[in-house]
Each structure stands twice: as C-alpha cells, then as structure tokens.
Amino acid sequence: MSAKSKLISLAEMVAQIPDGASIGLGGSFLHRGPFAFCRELIRQDKRDLEIIKASPGYDIDILCRAGAVRRVRAGIVAMEGNFGLAGAYRKAVESGRVELEEHACMTLVAGLRAGSAGVPFQPVGGVHGSQIAKINGWKKMADPYGSNEETYLIPAIRPDFAVIHAHEIDAAGNARVYGSPHWDRVMTRAAKTLFVTGEKLVETDRFREQPELTLVPGFMVKAACEVRQGAWPGSLEPEYPVNYAEVQDYVDEPGAGIERHMSRAPEAQG
Amino acid sequence: MSASFTPFSHVVINLARLIRPDEVTFSGVNSTLPMLACLLAKRAYDFDFTWLNVAGGVDAEPAGAIPLSSGDPALMHGSAAVFANEDFYDLCTRGGMDLCFLGASQIDATGATNNSVIGDWHAPKVRLPGGGGSAVMMPTLRRAATWRTEHSPRTLVNELFFQTAKGNLQNVVTPMAVFDKRDGRLALQSHNPAVTIAEIQKATGFTFDASGAVPTPPPTEAELSALRSLDPDGRFERDAAITLPEAVA
C-alpha cells in the first residue's frame, strides 16, 4: 500500500506561503539551495518575508533585490566563490529596508535546535567576547550543576516554513541528500511546516533499500515537488556544479534588475 | 639565489606554515586562501594532519581543478566521511579543534575581529558578511589564524567598528607580514623580504612589537611546486589580486 501522494507543483507549494511568513532555507551559499523555490516566491510577488539560514547568499540576495524580504536571521552572507559581498542584501540592510538579526552560524543553529527539541532555549559554546550577544540581548547563565562556567542561551527559533532541495524525493515526501546535509537536518526539524523540492522523483522502494540515506522522512513533510535544476545557478553535486557564468550574469544585470536572470532560469524554460 | 614571494604566495604559504603535525585543522566558507593553504600543506609537507572543511570533507583531495568556492562539494572528494556543519562546530566547542582559519575584515592589536560592519552596527556604512563561525569558534578553539589580502590601517586597526569575535586568535598573515600573538598583543614575527618593518608599521593601524622579527624564510621548492599544482593557470592568484601598498611596491 502506498502512502498518499504529497506531490504538488512548485507554484502550488509557494502559493501556500503567506506574505510575512518566516522561511528557513536549506543548503549553504551556492550549494544545494532551494533556489528555484526562491525564484517562485518572487514570481508570486511575496512580501515581508523573514529568511532564516546560517549561510545564505544568492537566495537572500535575489529575494532582497526583488523586495520580498523584511527580516533576515543569518550568520554569514556572501555570494561566495569569488563574487564577494551580496550586493542587494547589503544595500537592503544598509538602507534599513531589511532588518538583520546577526548570528554566528552556530547560534542560529542553537536556536533551531531549541525549536526542534521543543524547549525555549538552547545553550551554545563560545560567543564570549562577541558584541553580537549584546545586540541580540542574549543572556548567559552560570552552570547550575556546580562548575559555574557561564554559557550563552539562545532563544528557540521555529520558522513557519522550511524548504530544502534534495537529490531525490518520492511521492510520500521522503527526501534523500548525498554528501553534506549542511544545516538541513536541524532546519527541517525546527520548522512548523516543511516543504521539500527534489531534483529527481524516485520510487519509495529506493528509499527502503537504504533508509540511512533519508534525511527527511515523508511523514514530516507537508508537500513535495520535483524540480529539475532546482539549485541552479548553484551546485547540486554530483549532478551539476555551480554555473559561475550565470551567477556572474545575475550579479552584472543592469540596474540591479532580475528580469533577464529570471527568464534564464531552468524552470522558466517552456 | 632562493625563490621569492609574490604577495599571493606570501599569504598562502605562510597560512600553510601554521599547520602542525597531527593536529585538527579547519577551513571554512568564504576562505579560498586557507583552502589552498590546507591543500598546499597536504601536498608539500611530510607530516600528517587532519583537514576538516566546511563542505563536510575529512582529508579530502579534490580531483582535477580546485573549486573557486571553499565550500564547494568538490571538497568532499576523496573523503571517507561526511563531517558536516553541526559536527565540526560541536567538535570545536568541546575543545577538539586545534587550528581554524577564520576570516576577518578588521583585526585589532589584541586579535579581536570585526566581520560585521563598517560604521555603526545600527546604521552601517557597509554591511559586511557577518562573523560566520568566528564568535563561537574563536573563544573555544586552540589557535585561530586569519588573513588579510589588504594590509592597511583600515584592516589592521587600533579600534574595531564592532567586535564580532574575540578569543584565541594567534596569527595574522598578510602580503607584507606574519604576526604572532605574544602577551596578548599581535607582534611581528616575520616580514615579506620585499618590505621593511618601517613600511609595515606605516601600513598598520596599531603599534606592535617587532623585536626578533626576521625576513620570512623564502618559499621552498616543495611549497612552490604544490602551489603551482593547485593554481596551474594562475586563476586564484589573479582573482585574489593581492598587491603590496603602492609606496612599497
């Protein structure tokens, strides 16, 4: 007996995201990000989004360029791969159009760990001597079990949605990732509603053969969608590397526009 | 006559020289030069060390061209394990990380770093990438090293715009100099033979102890050969576009 299908179209998936939602995104910098999903947010003219990701780059930049973002919670933001700063994100924060909650990557993850465990906060190592703690009003606590060592406590983060791009999905929403999961495991556990996009739709039997490769079990997933080239212009190794020419073309688009880039995206081709 | 450094090779080779036998060393995102340094050390030095990278690789050996992105999944190639982000951060905060290369836009004399803003945090003139791992890693690892491709009073500063991270920063490598922390302050350990100590002081926003500073020992054939193998067409060197200050060059 097969589980009920969770497959919907990318447009239908994005249509479920209201303006003002907080969205945790998978991947890291130019690698295995749900970038087709981000472009669909732009096509549907979403506004006032809060984007949560330890190391965003192309995704936050294009969403800022499109005016879709109100708030960002991130640890490090750059286009990477020799492209330097994320220009549209940078301008959005400098102008005050976008509010930043600055993290160290692991403090964001501590918040997500708290969210995924259903507790109000999570201790995190380090942070001592960083003014990020003060900016965010983070509190520290002496070890109540005797050592008195002080540890910072990061408040729980529970994104309204999380979206990751996986190598393989099935109709039940199971998602398999090859290589590094980056931060996707904790992100998928912390979110209230989870969507997965997958490069390839496969039969559930393939998941049953090696369940240890399943990053996300289908029961956690609200909806899934097959999206070929879903991480374009970033990489999905070993399927495709970063398309540096297209990232450069995006960076160089005149007037900080995105029309040319959006029209070149794989999901926009007939 | 021994070989001399280019500004680029001074940074990469001197980062590599910070790596020690049998230690655990980490290179992160946005860290092309430390990625090259770790690969150089693997190829040029006759000792073992564990190299963890942000792509999840453990002692990876990329096949073919080295990726431009220091977080590229190509840096998993040849790895026998996936040691992903939460793993290497937890390793660090529980005391298992010996050397990490952590980026910084500004560094002060105590080795505290700013990677957050130019100007006021709440009204930034330039919003920088953010500290990434540094606020968590810097206080918990054994030694951190950072690098600047621009050695100037606006990168090596007397006062940071914002203190993103503070902790066990031990070394700073630039095209001109290698600094080593002594008694809580960065001191000059060696200088690119192409520049004088006076020129380094002029290009540095804080004063430093230069007693005992020597010309950086020239690159060895093994180091140069490894660097050539990593950057055969000079792409990384061109992209890095590192120059010495005009008054010096």
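The structure contained in this document is the topic of the report that follows. (Residues numbered from 1 in each chain as written. Chains lettered and ligands numbered in written order. Predicted model: local features only at pLDDT ≥ 70, side-chain atom pairs only at ≥ 80, totals over all residues. Heavy atoms only, no water.)

**Let's talk about the overall build of chain B**
For step 1, the next point in the chain: Within chain B, the regular secondary structure consists of 7 helices and 12 strands.
For step 2, the next point in the chain: Computed over its C-alpha atoms, the radius of gyration of chain B comes to 17 Å, within 12% of the 18 Å expected for a compact globule of 249 residues.
For step 3, the next point in the chain: Overall, the C-alpha framework of chain B stretches about 50 × 45 × 30 Å when taken along its three principal axes.
For step 4, the next point in the chain: Counting only carbon and sulfur atoms, one obtains 52% of the accessible surface of chain B, whose full area is about 9400 Å².
For step 5, the next point in the chain: Separation of charge centres in chain B, based on 19 positive and 26 negative side chains, amounts to 4 Å. (Helix = DSSP H or I, 4+ residues; strand = E, 2+ residues; numbered from the N terminus. Rg over C-alpha atoms; globule rule 2.2 N^0.38 Å. Areas by Shrake-Rupley, 256 points an atom, 1.4 Å probe, with all protein chains shown as cover. Lys, Arg positive; Asp, Glu negative; His and termini not counted. Charge placed at Lys NZ, Arg CZ, Asp CG, Glu CD.)

**Examining the overall build of chain A**
For step 1, the next point in the chain: Secondary structure assignment for chain A yields 10 helices and 12 strands.
For step 2, the next point in the chain: Taking 18 Å as the expected radius of gyration for a compact globule of 270 residues, we find that chain A reaches 19 Å, a close match to that expectation.
For step 3, the next point in the chain: Structurally, chain A occupies a C-alpha span of about 60 × 55 × 30 Å along its principal axes.
For step 4, the next point in the chain: Taken across its 270 residues, chain A has 57% of its residues classed as buried.
For step 5, the next point in the chain: In chain A, of all internal contacts separated by at least 6 residues, the share reaching a separation of at least 24 is 73%.
For step 6, the next point in the chain: Of the charged side chains in chain A, 31 are positive and 34 negative; the average position of the first set lies 4 Å away from that of the second. (Buried < 20%, exposed > 50% of the residue type's maximum accessible area, 1.4 Å probe, protein only. Contact = heavy atoms within 4.5 Å.)

**Remarks on the sheet that holds strand β1 (residues 24-27) of chain B**
Residue and element names in this part refer to chain B.
For step 1, the next point in the chain: Strand order in this open sheet of 8 strands is β2-β1-β3-β8-β9-β10-β11-β12, and the pairing throughout is mixed. Both outer strands of the open sheet, β2 (50-53) and β12 (214-215), are each paired with one neighbouring strand and no more.
For step 2, the next point in the chain: Looking at chain direction, strand β11 (residues 185-191) and β12 are connected through 2 bridges and run parallel. Among the inter-strand pairings, serine 190 is bridged to a residue of β12, identified as valine 214. (Pairing = 2+ DSSP bridges.)

**Points about the sheet that holds strand β6 (residues 139-142) of chain A**
Picture the strands of a sheet paired through backbone hydrogen bonds; they go either parallel or antiparallel.
Residues and elements named next belong to chain A.
For step 1, the next point in the chain: Read from one edge of the open sheet, 3 strands run β5-β7-β6, paired in antiparallel fashion. Where the open sheet ends on each side, the last strands, each with one partner, are β5 (121-124) and β6. For this sheet, the mean inter-axis angle between neighbouring strands, taken without regard to orientation, is 40°.
For step 2, the next point in the chain: Here β6 pairs with strand β7 (residues 150-155) via 4 bridges, running antiparallel. Paired with methionine 141 across the two strands is threonine 151, which belongs to β7.
For step 3, the next point in the chain: Where helix α5 (residues 105-117) meets the sheet, it contacts β5 and β7, and its direction lies at approximately 145° from that of β5. (Axes fitted to C-alpha atoms, helices over the stretch in contact; angles between N-to-C directions.)

**Some points on empty space enclosed by the protein**
Over the atoms rolls a probe the size of a water molecule, and its path tells where empty space is left.
Residue and element names in this part refer to chain A.
For step 1, the next point in the chain: Under the criterion given, the structure shown has 1 cavity of 30 Å³ or more.
For step 2, the next point in the chain: What the largest cavity holds in volume is close to 50 Å³.
For step 3, the next point in the chain: Forming the walls of the largest cavity are Leu25, Gly26, Gly27, Lys53, Ala54, Leu108, Val109, Leu112, Trp183, Asp184 and Met187.
For step 4, the next point in the chain: Secondary-structure elements contributing two or more residues to the lining of the largest cavity are α5 and α7 (184-190).
For step 5, the next point in the chain: Here the lining of the largest cavity gets 3 residues from one element, more than from any other, and that element is α5.
For step 6, the next point in the chain: A breakdown of the residues in the lining of the largest cavity according to their chemical character gives 7 nonpolar, 2 polar and 2 charged. (1 Å grid on protein atoms, 1.4 Å probe; cavity = no way out; pocket = protein on both sides within 12 Å on 5 of 7 lines; lining within 4 Å. Points joined across faces, edges and corners; volume = space filled by probe spheres on them. Nonpolar A, V, L, I, M, F, W, Y, C, P; charged D, E, K, R; others polar.)

**A few points about the packing of helix α1 (residues 7-16) of chain B against helix α2 (residues 32-44) of chain B**
Residue and element names in this part refer to chain B.
For step 1, the next point in the chain: Relative to each other, α1 and α2 sit at 60°, their axes nearing to 8 Å. The angle between the axes of α1 and α2 places the two elements in the oblique class. Judged by the twist between their axes, the crossing of α1 over α2 is right-handed. Contact with α1, carried on its side by Phe8, Val11, Val12, Ile13, Leu15 and Ala16, involves Leu33, Pro34, Leu36, Ala37, Leu40 and Ala41 of α2 and no other residues of that element.
For step 2, the next point in the chain: Here the contact of α1 with α2 is composed, by residue class, of 12 nonpolar, no polar and no charged. (Parallel < 35°, antiparallel > 145°, perpendicular 65-115°, else oblique. Left-handed = near helix turned anticlockwise from the far one by under 90°.)

**A closer look at the nonpolar core**
For step 1, the next point in the chain: If you look at the biggest cluster of nonpolar residues, it comprises 123 residues, and the most contacted ones within it are A:Ile17, A:Ile23, A:Phe37, A:Tyr89, B:Met97, B:Met137 and B:Phe179.
For step 2, the next point in the chain: Excluding residues that lie within four positions of it along the chain, A:Ile23 makes contacts with A:Ile17, A:Phe37, A:Leu41, A:Leu49, A:Glu50, A:Ile51, A:Ile52, A:Phe161 and A:Val163.
For step 3, the next point in the chain: Core analysis: the next-biggest nonpolar cluster, separate from the first, contains 38 residues, B:Ala41, B:Ala55, B:Leu227 and B:Ile242 among them. (Core = buried A, V, L, I, M, F, W, Y, C linked by side-chain atoms within 4.5 Å.)

**Remarks on the pairing of β7(A)**
For step 1, the next point in the chain: Here β5(A) pairs with β7(A) via 4 bridges, running antiparallel. When the bridges of β7(A) are listed, A:Gln122 appears paired with A:Ile154.

**Description of the pattern of salt bridges**
Residue and element names in this part refer to chain A.
For step 1, the next point in the chain: According to the stated counting rule, one finds 33 salt bridges over all chains in the structure shown.
For step 2, the next point in the chain: The shortest N-O distance in the salt bridge between arginine 32 and aspartate 184 comes to 2.9 Å. Taken as a pair, arginine 32 in the loop between β1 (22-25) and α2 (35-43) and aspartate 184 in helix α7 lie far apart in primary sequence, 152 residues in all. Each member of the pair, arginine 32 as well as aspartate 184, is classed as buried.
For step 3, the next point in the chain: A salt bridge links aspartate 249 to arginine 260; the nearest nitrogen and oxygen atoms lie 3.0 Å apart. (Salt bridge = Lys/Arg side-chain N within 4 Å of Asp/Glu carboxyl O.)

**Notes on the packing of aromatic side chains**
For step 1, the next point in the chain: Counted under the stated rule, the structure contains 12 aromatic pairs over all chains.
For step 2, the next point in the chain: Ring centres of A:Tyr58 and A:Tyr250 lie 5.4 Å apart, and the angle between their planes is 70°; on these two criteria the pair is classed as edge-to-face. Linking A:Tyr58 in helix α3 (residues 58-65) with A:Tyr250 in helix α9 (residues 244-252), this pair joins segments that are 192 residues apart in sequence. Both residues of the pair, A:Tyr58 and A:Tyr250, count as buried.
For step 3, the next point in the chain: Through a chain of ring-to-ring contacts, the aromatic side chains of A:Trp183, B:Phe26, B:Phe88 and B:Tyr89 assemble into a single cluster.
For step 4, the next point in the chain: Positioned over the ring face of B:Phe49 is B:Lys42, at 4.2 Å from the centre of the ring. (Phe/Tyr/Trp six-rings, centres within 6.5 Å; stacked < 30°, edge-to-face > 60°. Lys NZ or Arg CZ within 6 Å of the ring centre and 35° of its normal.)

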